[in-house]
Amino acid sequence: MPRIEEVTQQLSNKFKDGITGIDQPGATQFFADIKKEKVKDICNEIIKMGGRYLVSIGYDNIARDQTLGMIHTFAFDRDNIFCGIRTSVPEQNPVMDSITPDIPNAGWSEREYIDHLGMKFSGHPKPKRLILSDDWPEGLYPLRKSVPWNIQPPSAEGVAYQLDECPEGCTVVPVGPYHPTLHEPAHFALYVDGETIKGCDYRGFMVHRGIEKLCQTQLTYNEIPFVAERICGICGSVHATSYAQSVETAGNIKISRRAEYIRTIMLEIERVHSHLLWLGVAGHLIGFNTVFMHSWRVREPVMWLGERMTGNRKTYGMIVVGGVRRDITPEIKQDILNVMKKIEEELIVIKNAIVGDTSIHKRTKNVGRITKEDAIKWSLVGPVARARGVDIDVRRDHPYAAYDDMQFSVPVVDTCDVWGTVLVRVLETFESIHIIRQALDKMPDDGPILTELAEPIAPFKHAIAGVEAPRGEVVHYIITGEENRPERWRVRAPTYPNLQGVPLMLLNNELADAPIIIGSIDPCFSCTERVQVVDIRSGGVKVLSKAELEAFAKKK
Amino acid sequence: MWLSSKIKQVLMALKPGVVTLKYPYEPHPVPPDFRGQPYWDHHKCVGCGGCAAHCPARTIMVRDLCQEVRVMLYDGSRCTYCGRCSDVCPEDAITMTDKFELATGDKRDVTQSMELFMATCKRCGRCYEHETVNAIDRMSLKGFRYDNLEMRAVIPVSTEHLDTALLEKTEKYKRPEKLGE
Ligand code: SF4
Ligand code: SF4
């Protein structure tokens, strides 16, 4: 019996009428509808059976049955299974059990729907506002269908986020919202005792742009890839691919093998680019700017290559539902091979120059240490997890695009610290170059790179798609809808789980190491903060006129 | 260990020499298929609105002032240079140019607008740009549109016949501040 049936059997035997239905659309995913009273037990059982928590999806189903839906998703990495546990609560009394006490990483997902849908989770350890701005009116739940996408409530004065209580004997050191070591706005309040960090509270979501709501109400299936791509400036193709795959799975759309190979190549080029970028940033964070300058110098040809392949240095705009937009011609193929050869040579030089450098060791070894068990408990992903000995990689565990044809190894180290993340990323870059060569070599020529969508996509189908981004695993969940657009589209970027593990990594470290620890997860705040409502901070913004600006500049 | 690393680092830095480009003092040409600022050729455009319907950034707006006049406005300040408009245009009226140095203090520098005179089809009463035949078949944006060009806001409604009341209402378009507004 295939493993997926074993899992569903085992669940229905154990919970009998706690599970009201099981929907298994393909060989790799299933969705179980359950009674809301059982949500905690079933989720804990799945973790016990070897599942790994991914993300939760809340959605408004009021128009159909006066409920708010909630889906907890899990992955079984050894068996290539994704599963969704679906339940719902009545609109009038939207209370359900929180799964956060046992699965800490669900904390943010649940808080997200407290903010956005007005759900309540009994037993949640920290039900504070997470996403909406502090002056957003109470009782206005932006993800509900009754709220227009472009609503712009007037701003309010004198409201602020209440930080967690500072532990006895500690001092608060605020880092951010604007801070030299964080390249995007986020606020960490570090509680320090002398030089040692004893705790941390995080207030982020300052660039929350309402993308999910916008796409669910305004755009159509094939416009969303371009918006998805702009969730992140660095892993653009990752989000577009993940979105396109979720729609293709839900709508049963088969794309040509050539298109899948081109997607694979784009994703790996992106990984080479991203890891070189991170290596530079990491060097910069520990004050080692030679590494910064030179890994960015090596990175630059990737940008030029992107420009020749796709028409733009980054945000390639290659991937749409049904395939890709531009083909790889023989000239481009040779071009890619040349660029990769050069990068490989240069990266070996950089690697040799830094692996033995004791000053780098001193700044990264034994810094941000957490155990493998904690990494699993907090559902960390990507290089952050692989540096703690957790052997997961979506490309190998849940193959997509053309990864089933590729031979590659997944570097895993068990130093459990920041140094491990450096190693993993450098090794992965070499693997990526290796994958690009294989893909270019084996690429078949089997039909159009863009498959036209013959029929409309059937509504109310669910699908999960995962893609291994440079920073870790990206998960997109889709519920197809009417009117040629998704009913619900949920994006979970890798920083979303990893950032929740940062307080643990910071604990008992030196204050001076905070930037590199936060930097070691390669945080991408804009990915994490995508989602709903638009333009939350408006009003009170003073716009300088050109003349004023010039006068201001001259005065300096 | 430390010293040999430092020597390797010096070599790593010496070999490439100076890599900084003299841009903007020396121009930096772009490759052939670059996606720069889109350019509309009003001789070719039939006013089908396909580009407006497919622009992910909702940068292209369409406003039907009366039965015969359709204004199309491209607001470059929002454009993402994805090239989707030029992909879908049935008349090849849009080219992605090689222009990328678009920073400006005046929004009008990156705005293009076209006023198209549309003829009425005797059979169905819809309008099309009369210089090109059979344009009606290619219309993907059916009916009349009412985007607010002043606010640069896309209004997602279209009607089969020109609705003057709606035209007036959309002139005063404002984003809602409360539920039910
Ligand atoms: S290039 Fe893209 S964003 Fe710009 S007008 Fe065309 S479709 Fe819209
Ligand atoms: S798609 Fe082409 S023909 Fe149609 S309105 Fe746009 S520019 Fe004109």
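Residues numbered from 1 in each chain as written. Chains lettered and ligands numbered in written order. Predicted model: local features only at pLDDT ≥ 70, side-chain atom pairs only at ≥ 80, totals over all residues. Heavy atoms only, no water.

Quick notes on the sheet that holds strand 14 (residues 472–479) of chain A
Residues and elements named next belong to chain A.
Part 1: Overall, antiparallel pairing links the 3 strands, which are arranged 13-14-15 in an open sheet. With one partner strand each, in any of the chains shown, strand 13 (462–469) and strand 15 (488–492) form the two edges of the open sheet. Between one strand axis and the next, the sheet turns through 15° on average, direction left out of account.
Part 2: Relative to strand 14, strand 13 runs antiparallel, the two being bridged by 8 bridges. Residue pairing in the sheet places Glu468 in a bridge with Glu473 of strand 14. (Pairing = 2+ DSSP bridges. Helix = DSSP H or I, 4+ residues; strand = E, 2+ residues; numbered from the N terminus. Axes fitted to C-alpha atoms, helices over the stretch in contact; angles between N-to-C directions.)

Regarding a nonpolar patch on the surface
Part 1: On the surface, Trp2(B), Leu3(B), Ile7(B) and Leu11(B) cluster together into a nonpolar patch covering about 430 Å² of accessible area.
Part 2: Its location among the elements puts Trp2(B) in helix 1 (residues 2–14). (Patch = residues over 30% accessible without salt bridge, like charges linked within 9 Å, V, L, I, M, F, W, Y side chains within 5 Å. Areas by Shrake-Rupley, 256 points an atom, 1.4 Å probe, with all protein chains shown as cover. Salt bridge = Lys/Arg side-chain N within 4 Å of Asp/Glu carboxyl O.)

Examining the site of ligand 2
Part 1: Close contacts around ligand 2 come from 13 residues, with Cys45(B), Cys48(B), Gly49(B), Cys51(B) and Cys89(B) the closest.
Part 2: Residues belonging to the shell around ligand 2 are distributed by class as follows: 10 nonpolar, 3 polar and no charged. (Near = heavy atom within 4 Å. Nonpolar A, V, L, I, M, F, W, Y, C, P; charged D, E, K, R; others polar.)

Remarks on the side chain of Asp513(A)
Residue and element names in this part refer to chain A.
Part 1: Along the chain, Asp513 turns up in the loop between helix 16 (495–506) and helix 17 (514–520).
Part 2: For Asp513, a relative accessible area of 10% translates into the label buried.
Part 3: Here Arg363 takes part through its side chain, which lies 3.4 Å from a polar atom of the side chain of Asp513.
Part 4: Dropping the residues within four chain positions of it, Asp513 is found in contact with Arg363 and Val367. (Buried < 20%, exposed > 50% of the residue type's maximum accessible area, 1.4 Å probe, protein only. Polar contact = N/O pair within 3.5 Å; in protein donor to acceptor, adjacent residues only side chain to side chain. Contact = heavy atoms within 4.5 Å.)

Quick notes on the site of ligand 1
Part 1: Around ligand 1 lies a shell of 13 residues, among which Cys55(B), Cys79(B), Cys82(B), Gly83(B) and Cys85(B) are the nearest.
Part 2: Here the residues of the shell around ligand 1 sort into 10 nonpolar, 2 polar and 1 charged.

Observations regarding the interface of chain B and chain A
Part 1: Contacts between chain B and chain A engage 35 residues on the former and 43 residues on the latter.
Part 2: Looking at the side of chain B facing chain A, the largest losses of area belong to Met12(B), Arg35(B) and Arg175(B), adding up to 22% of the total buried there.
Part 3: For the pair chain B and chain A, the number of links is 3 salt bridges.
Part 4: For the interface between chain B and chain A, the tally reads 19 residue pairs in polar contact (both at pLDDT 80 or more).
Part 5: Only helix 1, helix 2 (50–54) and helix 3 (84–88) of chain B provide two or more residues apiece to the side of chain B that touches chain A.
Part 6: Ranked by residue count, the leading element in the side of chain B that touches chain A is helix 1 of chain B, at 7 residues.
Part 7: Class assignment of the residues belonging to the side of chain B that touches chain A gives a composition of 18 nonpolar, 7 polar and 10 charged. (Buried area = accessible area lost by both parts, 1.4 Å probe.)

Focus: the domain arrangement of chain A
Residues and elements named next belong to chain A.
Part 1: You can read the domains of chain A as domain 1 (3–148) and domain 2 (211–493).
Part 2: Computed from C-alpha atoms alone, the centre-to-centre distance between domain 1 and domain 2 is 27 Å.
Part 3: Between domain 1 and domain 2, the residue contacts involve 35 residues of the former and 26 residues of the latter.
Part 4: Summing both sides of the interface, domain 1 and domain 2 together bury roughly 2,600 Å²; the carbon and sulfur share of this comes to 55%.
Part 5: By the criterion of area lost to domain 2, the three top residues of domain 1 are Arg52, Phe82 and Pro104, representing 21% of everything that side buries.
Part 6: Along the contact surface separating domain 1 from domain 2 lie 5 salt bridges.
Part 7: Of the charged contacts, one joins Glu473 and Arg52 as a salt bridge, the two residues approaching to 2.8 Å between their closest N and O atoms.
Part 8: Run the count over domain 1 and domain 2 and you get 20 residue pairs in polar contact (both at pLDDT 80 or more).
Part 9: For the side of domain 1 that touches domain 2, the secondary-structure elements that each account for two or more residues are strand 2 (29–34), strand 3 (52–61), strand 4 (67–76), strand 5 (81–90) and helix 4 (106–117).
Part 10: In terms of residue count, strand 3 provides more of the side of domain 1 that touches domain 2 than any other element does, 9 residues in total.
Part 11: Grouping the amino acids of the side of domain 1 that touches domain 2 by side-chain chemistry returns 18 nonpolar, 8 polar and 9 charged. (Domains from an automatic or database assignment.)

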